[in-house]
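# Coordinate analysis (summary)
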Amino acid sequence: MPTGNRPTPEPVHFYCRGARIEADLYLPAGRPPFPAVAVCHGFGSIRKYWVNDIAGELADRGIAALIFDYRGFGDSEGPRDRLFPLEQVEDTRAAIGFLASLEAIDPLQLGLYGVSFGGAVALYAAAVDNRVRAAVCAVGIADGYRWLKSLRRHWEWLEFEKRLEADRERRILTGESELVDPGEIMMRDPESAELAARLDADFPERSYRLTLESADAIIEFRPIDVVEQISPRAVLLIGVEDDRLTPAGHTRELFERAGEPKGLIMMRDVTHHDVYQPGHLRDLIGRAAAFYREHLA
């Protein structure tokens, strides 16, 4: 149960491939060492938005939480204008290593929580890093190629493929990739487009662009191929039945491919973004915390 005494996050940092990664650590009340979870945010986002609420809810339930900006995003160092999923997996593994180094953290009770695209990153990181004892993926993707294709009508996908092929040639000949609005890679449903416009207006520092090379990196990203490697460590999949941004079928496929122990939560009458909004977050994190208490111990 929540303690009602939410801690103030402590600014911290760690490094991945020489780049300084800025982060915030939420330590719960009580006597250390604590179990701990690194939280992976969604597509192109930063730690200031929504994942701080997730971290606070976890800490309120006795689980330390770390939120961080991936390389090249937010306050972290690293090349800008690129979103390479496997680089974000590396950053996530560095976050786990950082948690394991802290005296206040039990290095044998480490987990991951990822939302949206960050859910896929969390699954992949858990699959290749045995230090992760339990992973939660909320509204994640199974296959980058099928995901990007699903967001487009057939003719739009054909046109996008032509753009990518031209950009590959450009990169070979010039070493440069076209910079585009991120919505040209992850085409947004109406709710996501409205939300992105509102956030960009309220927080102009959030605005960013991406290279088309990032789309190639996303297309090659397939958490479905590695999710079974998490077993015998635990995984919890959370999906939304009528999700218009990350189809529910991705969550079901990941669950079917994952080994035991595993759990599945499918939510109805909510949207993609509801799963990290206050109205639904407390109950969802309560269920995730119960999963961690069972499988991190």
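Check the entry above for the structure.
Model, not experiment: these values are computed from the prediction. (Residues numbered from 1 in each chain as written. Predicted model: local features only at pLDDT ≥ 70, side-chain atom pairs only at ≥ 80, totals over all residues. Heavy atoms only, no water.)

### Describing the nonpolar core
Within the largest apolar cluster, 104 residues are counted, with the highest numbers of intra-cluster contacts made by Phe-43, Ile-54, Tyr-113 and Tyr-292. With 9 residues, helix α3 (residues 117–128) is the largest single contributor of residues to this core. For Phe-43, the residues in contact, after removing those within four places along its chain, are Leu-83, Phe-117, Trp-147, Pro-182, Ile-185, Met-186, Tyr-208, Leu-210 and Ile-218. (Core = buried A, V, L, I, M, F, W, Y, C linked by side-chain atoms within 4.5 Å. Buried < 20%, exposed > 50% of the residue type's maximum accessible area, 1.4 Å probe, protein only. Helix = DSSP H or I, 4+ residues; strand = E, 2+ residues; numbered from the N terminus. Contact = heavy atoms within 4.5 Å.)

### Things to note about unusual backbone geometry
The omega torsion across Pro-32 and Pro-33 is 5 degrees, close enough to zero to call that bond cis. Unusually for a residue other than glycine, Asp-269 sits at a positive phi of about 60 degrees. Relative to the helices and strands, Asp-269 is located in the loop between β10 (262–267) and α9 (278–296).

### Comments concerning the pairing of strand β4 (residues 64–68)
For β4, a buried count of 5 out of 5 residues is recorded, marking the element as mostly surrounded by other parts of the structure. Relative to β4, strand β2 (residues 19–26) runs antiparallel, the two being bridged by 4 bridges. Residue pairing for β4: Leu-25 is matched across the bridge by Leu-66. Looking at chain direction, strand β3 (residues 34–40) and β4 are connected through 4 bridges and run parallel. Looking at β4, one finds that Ala-38 is bridged to Leu-66. In this region the chain leaves β3, passes through helix α1 (residues 51–59) and returns to the parallel neighbour β4; the handedness of that crossover is right-handed. (Pairing = 2+ DSSP bridges. Right-handed = clockwise from strand over helix to strand, strands pointing away.)

### Points about the sheet that holds strand β9 (residues 234–240)
In spatial order, the strands read β1-β2-β4-β3-β5-β6-β9-β10; together these 8 strands make up an open sheet with mixed pairing. Sheet topology places β1 (10–16) and β10 at the edges, where each strand pairs with a single neighbour. Direction aside, neighbouring strands of the sheet carry axes that sit 20 degrees apart on average. As defined by bridge partners, strand β6 (residues 132–138) adjoins β9 across 5 bridges and the pair is classed as parallel. If you follow Cys-137 over to β9, its bridge partner there is Leu-237. In the packing of helix α2 (residues 85–101) onto the sheet, the strands contacted are β1, β2, β3, β4, β5 (105–115) and β6, and the crossing angle to β1 comes to about 120 degrees. (Axes fitted to C-alpha atoms, helices over the stretch in contact; angles between N-to-C directions.)

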